[in-house]
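Residue-level listing of the chains:
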Amino acid sequence: TPTIDLTLITRNINELLAQDGEDSLAYNIAVLHEIEVTTPIFDNVLRGAIMFENYKGFDVMVEHWEDSKKKKKTKAQKENAASNNHDKQEEVDVVVEPKLKITEGKLVGKDNEKGITTINVKGRSLKIQNDKIECVRLPNPKSEKGVK
């Protein structure tokens, strides 16, 4: 991938504005105003193998889908259901809706061959299937008090 030198772009713009001399409108614009060339805003979402490799060991937030856990029936509930349904032999399918969960930890790596992303959560490795991951993002920077 080609690299973009923002400093060089800014210098070239200023040189072009100054070409017509100090009395020109372009020169006065360059003197009175600041030209800022920036890159698009980084949304903290990791994309591509290079980014995952570069951010190994960094804190990340993984947004992933997790199947809801089925509630287990107590023995009394099972007996009550059996006595109420002794005539009816119907079984009711329980629909389990997956829910979006955010897990925070340190990025260990992403293995596309195995289809797994691994993060370290409080000293334990957690493997999450890549097809259940919505995104892996860096947390927002913490604001620190500066020297005044």
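Please refer to the structure placed before this passage.
On a predicted model such as this, the values are computed, not experimentally measured, just so you know.

### Thoughts on the packing of helix H1 (residues 6-18) against helix H2 (residues 25-32)
Then comes step 1: In the contact formed by H1 and H2, the axes pass within 7 Å of each other and the chain directions differ by 135 degrees. The angle between H1 and H2 places the two elements in the oblique class. Residues Asn14, Leu17 and Ala18 of H1 touch H2, and the partners they reach there are Ala26, Tyr27 and Ala30.
Then comes step 2: Per-class residue counts for the contact of H1 with H2 are 5 nonpolar, 1 polar and no charged.

### Quick word on the sheet that holds strand E3 (residues 116-121)
Then comes step 1: Across the sheet, which stays open at both edges, the 5 strands sit in the order E4-E3-E2-E1-E5 with antiparallel pairing between neighbours. Unpaired on one side and paired on the other, strand E4 (124-129) and strand E5 (133-137) mark the two borders of the sheet. In this sheet, neighbouring strand axes are inclined to one another by 45 degrees on average, regardless of whether the strands run parallel or antiparallel.
Then comes step 2: Pairing of E3 with E4 involves 6 bridges; the strand directions are antiparallel. The residue of E4 that forms the bridge with Thr118 is Lys127.

### Looking at unusual backbone geometry
Apart from glycine, the bulk of residues carry a negative phi angle, and the bulk of peptide bonds sit in the trans form.
Then comes step 1: Here the phi dihedral of Asn44 falls at roughly 70 degrees; this positive angle occurs in a residue that is not glycine.
Then comes step 2: Within the secondary structure, Asn44 is located in the loop between H2 and helix H3 (48-54).
Then comes step 3: We note that Lys122 has phi near 50 degrees; this positive angle belongs to a residue other than glycine.
Then comes step 4: Note that Lys122 resides in the loop between E3 and E4.
Then comes step 5: By relative accessible area, Lys122 is classed as exposed at 84%.

### Side note on the packing of aromatic side chains
Then comes step 1: Evaluated as defined, the whole model comprises 1 aromatic pair.
Then comes step 2: Residues Tyr55 and Phe58 carry aromatic rings whose centres are separated by 5.1 Å and whose planes lie at 75 degrees to one another, so their mutual orientation is edge-to-face.
Then comes step 3: Taking the relative accessible area as the measure of exposure, Tyr55 reaches 22% and is therefore partly exposed.
Then comes step 4: The exposure class assigned to Phe58 is partly exposed, which follows from its relative accessible area of 40%.

### Observations regarding the side chain of Thr117
Then comes step 1: By the element assignment, Thr117 lies in strand E3.
Then comes step 2: Classification of Thr117 by relative accessible area gives buried; the value is 1%.
Then comes step 3: Among the polar contacts listed, one links the side chain of Thr117 to the side chain of Asn130, at a separation of 2.5 Å.
Then comes step 4: Sequence-distant contacts of Thr117, that is, excluding residues within four places in its chain, are made with Leu107, Gly109, Lys110, Leu126, Lys127, Ile128, Asn130 and Ile133.

What counts and what doesn't
Residues numbered from 1 in each chain as written. Predicted model: local features only at pLDDT ≥ 70, side-chain atom pairs only at ≥ 80, totals over all residues. Heavy atoms only, no water. Axes fitted to C-alpha atoms, helices over the stretch in contact; angles between N-to-C directions. Helix = DSSP H or I, 4+ residues; strand = E, 2+ residues; numbered from the N terminus. Parallel < 35°, antiparallel > 145°, perpendicular 65-115°, else oblique. Contact = heavy atoms within 4.5 Å. Nonpolar A, V, L, I, M, F, W, Y, C, P; charged D, E, K, R; others polar. Pairing = 2+ DSSP bridges. Buried < 20%, exposed > 50% of the residue type's maximum accessible area, 1.4 Å probe, protein only. Phe/Tyr/Trp six-rings, centres within 6.5 Å; stacked < 30°, edge-to-face > 60°. Polar contact = N/O pair within 3.5 Å; in protein donor to acceptor, adjacent residues only side chain to side chain.

That's the geometry; what it means functionally is another story.
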